[in-house]
Amino acid sequence: MARILILGGNGFIGRNLSASLIESGHEIVCADRALPPQMDKVRFQKNIEYKIGDLSDSSFVHSLFYSEPYDWVIHLACSLIPSSNYSDFIRERELNITGGYELVQSMRNSGSKRLLFFSTGGAIYGNNGRELNDENSPLIPLNYYAYSKLLMEEFIRLEARLSDLEYIIVRPSNPYGSGQNLFGRQGLISVTLGKILSNEKPQIWGDGSVIRDYLHISDLNKGIQALINSGKANQTYNIGSGQGYSVNDVMQIIKNVTNNDFQIEYSEGRSVDVPVNILNITKLRNDTGFSPSVDLESGIATLWNEMRQS
Ligand SMILES: NC(=O)c1ccc[n+]([C@@H]2O[C@H](COP(=O)([O-])OP(=O)(O)OC[C@H]3O[C@@H](n4cnc5c(N)ncnc54)[C@H](O)[C@@H]3O)[C@@H](O)[C@H]2O)c1
């Protein structure tokens, strides 16, 4: 059993990952600026110790390490998404980039030495001209979100060179599943299902030809647990399905699953979207034995059924 601190543990990925780690017998301390929404309390609050505070508050961050050391610190806290603008980035710099630096410094001065950082596989490769990206592909961010992740990745690697900090950086593709915000600004699958539930037309940027790699949240949880158990250190991993689907493919699958031939509202494409991005997951597969098990159609069907029952 490991003792694990999850920063930003009350968001979409954090709540799912906490539940899955608890199920595997780990002890979870969850730090976030807010408690989980009421609807998630029953499912997610059991066996989790909550610490409420902001990553930008250095005394809060230091206080997280007064207790017994953690075997792992998982850093998820982030406020940016690919469409975030320059002022969002400046705010993020004060909150989560400087806060992330403080977090790593606090770890260096404590007995907690292993950090797992959530970067992005969906955005960090950016405009590098490749359709299938492995971890050594050039990093050419096209938005402030990806740039902020690149800054944090490089800082973590530097600190690992300067100290005995050990890291794993994960670059997830496009996770989807239970607990994702149905009415948010990101998450094509969840937001589209949310629109269908509220009888609104789903909106698509561009002509729907953009190809992405979608990963069910249960496979993301599985991949993270495989990494934690692997004994690997100071490594960066893509985590995705390794399969590409166009936005139009996804819409067709959603139509089939929901049995609803809905109309789509197409609007102008965004400069932050590259035409194709699929993750090569060979390194993760070879180092941990990980293999995704939920295909896109079943993952969407599971989510749709859960949504209709809640
Ligand atoms: N969801 C995706 O599609 C996706 C894809 C790739 C990578 N990621 C990365 O995974 C991580 C988690 O994503 P998510 O979808 O769960 O995001 P989310 O927005 O649902 O959750 C982020 C959590 O961090 C908390 N947080 C943000 N800033 C904070 C601060 N300054 N202090 C304390 N808490 C703070 C928020 O309250 C929230 O609970 C993020 O770093 C994100 O960039 C997400």
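How each quantity is defined
Residues numbered from 1 in each chain as written. Predicted model: local features only at pLDDT ≥ 70, side-chain atom pairs only at ≥ 80, totals over all residues. Heavy atoms only, no water. Helix = DSSP H or I, 4+ residues; strand = E, 2+ residues; numbered from the N terminus. Rg over C-alpha atoms; globule rule 2.2 N^0.38 Å. Buried < 20%, exposed > 50% of the residue type's maximum accessible area, 1.4 Å probe, protein only. Contact = heavy atoms within 4.5 Å. Areas by Shrake-Rupley, 256 points an atom, 1.4 Å probe, with all protein chains shown as cover. Domains from an automatic or database assignment. Buried area = accessible area lost by both parts, 1.4 Å probe. Salt bridge = Lys/Arg side-chain N within 4 Å of Asp/Glu carboxyl O. Polar contact = N/O pair within 3.5 Å; in protein donor to acceptor, adjacent residues only side chain to side chain. Nonpolar A, V, L, I, M, F, W, Y, C, P; charged D, E, K, R; others polar. Phe/Tyr/Trp six-rings, centres within 6.5 Å; stacked < 30°, edge-to-face > 60°. Lys NZ or Arg CZ within 6 Å of the ring centre and 35° of its normal. Axes fitted to C-alpha atoms, helices over the stretch in contact; angles between N-to-C directions. Parallel < 35°, antiparallel > 145°, perpendicular 65-115°, else oblique. Left-handed = near helix turned anticlockwise from the far one by under 90°. Disulfide = S-S within 2.5 Å.

In terms of regular secondary structure, the protein is built from 10 helices and 15 strands. Whereas a compact globule of 310 residues would reach a radius of gyration of roughly 19 Å, the protein reaches 19 Å, a difference of no more than 12%. Across its three principal axes, the protein shows a C-alpha extent of roughly 55 × 45 × 40 Å. Looking at the protein as a whole, 53% of its 310 residues are labelled buried. Within the protein, contacts between residues at least 6 apart in sequence are counted, and of these 77% link residues at least 24 apart. Here the protein displays about 13,900 Å² of accessible surface, and carbon together with sulfur accounts for 46% of that area.

To continue, consider the domain arrangement of the protein. Accessible area lost upon the coming together of the parts serves often as the stated size of an interface. For the protein, the assigned domains read domain 1 (3–175 + 215–240 + 280–285) and domain 2 (177–211 + 244–278 + 295–309). Facing 22 residues of domain 1, the contacting portion of domain 2 comprises 14 residues. Around 1,500 Å² of area is buried between domain 1 and domain 2 when both sides are counted, 49% of it from carbon and sulfur atoms. Three residues stand out in domain 1 for area buried against domain 2, namely F12, I81 and E131, and they jointly supply 30% of the buried area on that side. Counting across the interface, domain 1 meets domain 2 through zero salt bridges. Put simply, domain 1 and domain 2 have eight residue pairs in polar contact (both at pLDDT 80 or more) between them. Of all the secondary structure elements, the ones that give two or more residues to the side of domain 1 that touches domain 2 are α1 (12–23) and β6 (132–133). The element that contributes the greatest number of residues to the side of domain 1 that touches domain 2 is α1, accounting for three residues. When the residues that make up the side of domain 1 that touches domain 2 are grouped by side-chain class, the tally is eight nonpolar, 10 polar and four charged.

The next thing to look at is helix α6 (residues 188–197). Burial within α6 is extensive, with eight of its 10 residues counted as buried. Turning to α6, its buried residues number three or more, namely I189, S190, V191, T192, L193, G194, K195 and I196. Looking at the packing, one finds that the buried side of α6 touches β8 (174–176), β9 (203–205), β11 (214–216), α8 (247–258) and α10 (296–309). N199 sits one or two residues past α6 and shows a positive phi near 55°.

A word on the packing of aromatic side chains. Remark: the centre distance and the inter-plane angle together describe each pair of aromatic rings, the angle taken between the planes. A full pass over the atoms with the stated rule returns five aromatic pairs. Pairing F65 with Y70 gives two aromatic rings, centres 5.8 Å apart and planes at 85°, and the pair type is edge-to-face. For the pair F65 and Y70, a shared accessibility class is recorded, and that class is buried. Taking the centre distance of 5.7 Å and the plane angle of 55° together, the rings of F89 and Y147 count as tilted. Taken as a pair, F89 in helix α4 (residues 86–108) and Y147 in helix α5 (residues 144–162) lie far apart in primary sequence, 58 residues in all. Residue class for F89 comes out buried when judged on its relative accessible area of 8%. An aromatic cluster is present here, built from Y86, F89, Y144 and Y147 joined pairwise through their rings. Positioned over the ring face of F262 is K255, at 5.3 Å from the centre of the ring. Positioned above the aromatic ring of Y237 is the side chain of K283, whose terminal nitrogen or guanidinium carbon lies 4.7 Å from the ring centre.

Taken N-terminus to C-terminus, the directions of α4 and α5 make an angle of 20°; their axes are 10 Å apart at the nearest point. Taken together, the axes of α4 and α5 are roughly parallel relative to one another. As for the relative orientation of α4 and α5, their crossing is right-handed in sense. On α5, the residues that touch Y86, F89, I97, G100, Y101, V104, Q105 and R108 of α4 are Y144, Y147, S148, L151, M152, F155, I156, E159 and L162. Each residue belonging to the contact of α4 with α5 can be placed in one class, and the counts come to 12 nonpolar, three polar and two charged.

One can find F183 in the loop between β8 and α6. F183 gets classed as exposed once you look at its relative accessible area, which sits at 60%. With 52 residues separating them along the chain, F183 and E131 place their C-alpha atoms 29 Å apart. Not counting residues within four places of it along the chain, the set of residues in contact with F183 comprises G194 and S198.

Turning next to the state of the cysteines. Tallying each qualifying case throughout the model produces zero disulfides. No disulfide involves C30; its sulfur sits 16 Å from the nearest other cysteine sulfur, which is in C78.

Take the environment of S267 next. Counting through the fold element by element, S267 comes out in strand β14 (residues 265–267). Apart from the residues lying within four places of it in its own chain, the contact partners of S267 are I204, W205 and G206.

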